[in-house]
Amino acid sequence: MEKMVICIGRQYGSGGREIGEAVAKKLGIACYDKCLIQKAAREAGLSENAVAEYDEQGEEPVFAVSGDPFADSAALSEAFYSEETRVFDAERRVILELAQKESCVIIGRCASAILRSAGLHPLSVFIYADAADRAKRIAARNALGEKQAMHKAQKVDRMRRRHFDFYADTLWGEPESYDLMLSSGEYGIDGAAEIIARAAALRK
């Protein structure tokens, strides 16, 4: 029997992680996020720090280039994508293993695209919020000004989009990629979690 798996995609600062955790608590199932990185690191034979460096929330890579900039850039680009692919493959194996083993909530990591490509049918959800709500949440969590917080949100969302669009056959944040899209500003953390839990129950 196919397990109940809920995949949460989200804008940075939208409260998607908190909503995912609340959904898991309501349903009495596990929620996987950063712990997935740890498992992927072990799978890939990489350190946890190496995985985090190429994780979907990582910073834009910056390389020091010397000599022929075109030759060096090509070599460095190849090395970067090779390492990133190793991390993605490790996370993909962990996600598939979890989905086959237990009902769970998985935050980010292209989980919905990975599972669908394997013939599974997760509930795919995208959480968003307006810029003001996101900036306030990020600023409070990171001790930043709201302008800095919004800049951080744009940067992280750019990385998430790049990561998702590279590995998935649909686009990040676009309706065709999800079964349900919810505004955390409209429904709040608990309200959004309740809607998702009910939607998951209707699919059983």
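Residues numbered from 1 in each chain as written. Predicted model: local features only at pLDDT ≥ 70, side-chain atom pairs only at ≥ 80, totals over all residues. Heavy atoms only, no water.

If you look at the biggest cluster of nonpolar residues, it comprises 22 residues, and the most contacted ones within it are Val-5, Ile-95, Ile-106 and Leu-115. Contributing elements (two or more residues each) for this core: strand E1 (5–10), helix H4 (69–101), strand E3 (104–107) and helix H5 (111–117). The greatest single-element share of this core, amounting to six residues, is contributed by H4. Sequence-distant contacts of Ile-95, that is, excluding residues within four places in its chain, are made with Leu-36, Ile-106, Arg-109, Ala-111, Ile-114 and Leu-115. Core analysis: the next-biggest nonpolar cluster, separate from the first, contains 19 residues, Ala-22, Val-23, Val-105 and Ile-196 among them. (Core = buried A, V, L, I, M, F, W, Y, C linked by side-chain atoms within 4.5 Å. Buried < 20%, exposed > 50% of the residue type's maximum accessible area, 1.4 Å probe, protein only. Helix = DSSP H or I, 4+ residues; strand = E, 2+ residues; numbered from the N terminus. Contact = heavy atoms within 4.5 Å.)

In this section: the pairing of strand E4 (residues 123–128). Burial analysis of E4 places five of its six residues in the buried class, which makes it a mostly covered element. Pairing of E1 with E4, which is carried by five bridges, proceeds in the parallel orientation. Across the sheet, the residue bridging to Arg-10 is Ile-127, located in E4. Pairing of E4 with strand E5 (residues 180–183), which is carried by four bridges, proceeds in the parallel orientation. (Pairing = 2+ DSSP bridges.)

The subject of this paragraph is the environment of Ala-129. By secondary structure assignment, the location of Ala-129 is in the loop between E4 and helix H6 (131–142). By relative accessible area, which is 7% here, Ala-129 ends up buried. The sequence separation of Ala-129 and Glu-186 amounts to 57 residues, and the corresponding C-alpha distance is 8.0 Å. In this structure, Ala-129 is in contact with Gln-11, Ser-14, Arg-134, Ser-184 and Gly-185, ignoring residues within four places of it in sequence.

This part takes up the pattern of salt bridges. Enumeration over the complete set of coordinates arrives at ten salt bridges. The salt bridge partner of Lys-26 is Glu-194, with a shortest N-O separation of 3.2 Å. Taken together, the residues Lys-26 in helix H1 (residues 16–27) and Glu-194 in helix H8 (residues 184–202) connect sequence positions 168 residues apart. Relative accessible area serves as the criterion here: at 43%, Lys-26 is assigned to the partly exposed category. Exposure remark for Glu-194: the relative accessible area of 30% places this residue in the partly exposed category. A salt bridge links Asp-89 to Arg-92; the nearest nitrogen and oxygen atoms lie 3.9 Å apart. Of this pair, Asp-89 and Arg-92 both sit in helix H4, three residues apart, roughly one helical turn. (Salt bridge = Lys/Arg side-chain N within 4 Å of Asp/Glu carboxyl O.)

Here we come to empty space enclosed by the protein. Counted under the stated rule, the structure contains two cavities of 30 Å³ or more. Looking at the largest cavity, its volume works out to about 140 Å³. Lining the largest cavity are 17 residues, and of these Gly-9, Gly-108, Arg-109, Cys-110 and Phe-164 lie nearest its centre. Contributing elements (two or more residues each) for the lining of the largest cavity: E1, H5, E4 and helix H7 (146–167). Ranked by the residues each element gives to the lining of the largest cavity, the list is headed by E1, at four residues. (1 Å grid on protein atoms, 1.4 Å probe; cavity = no way out; pocket = protein on both sides within 12 Å on 5 of 7 lines; lining within 4 Å. Points joined across faces, edges and corners; volume = space filled by probe spheres on them.)

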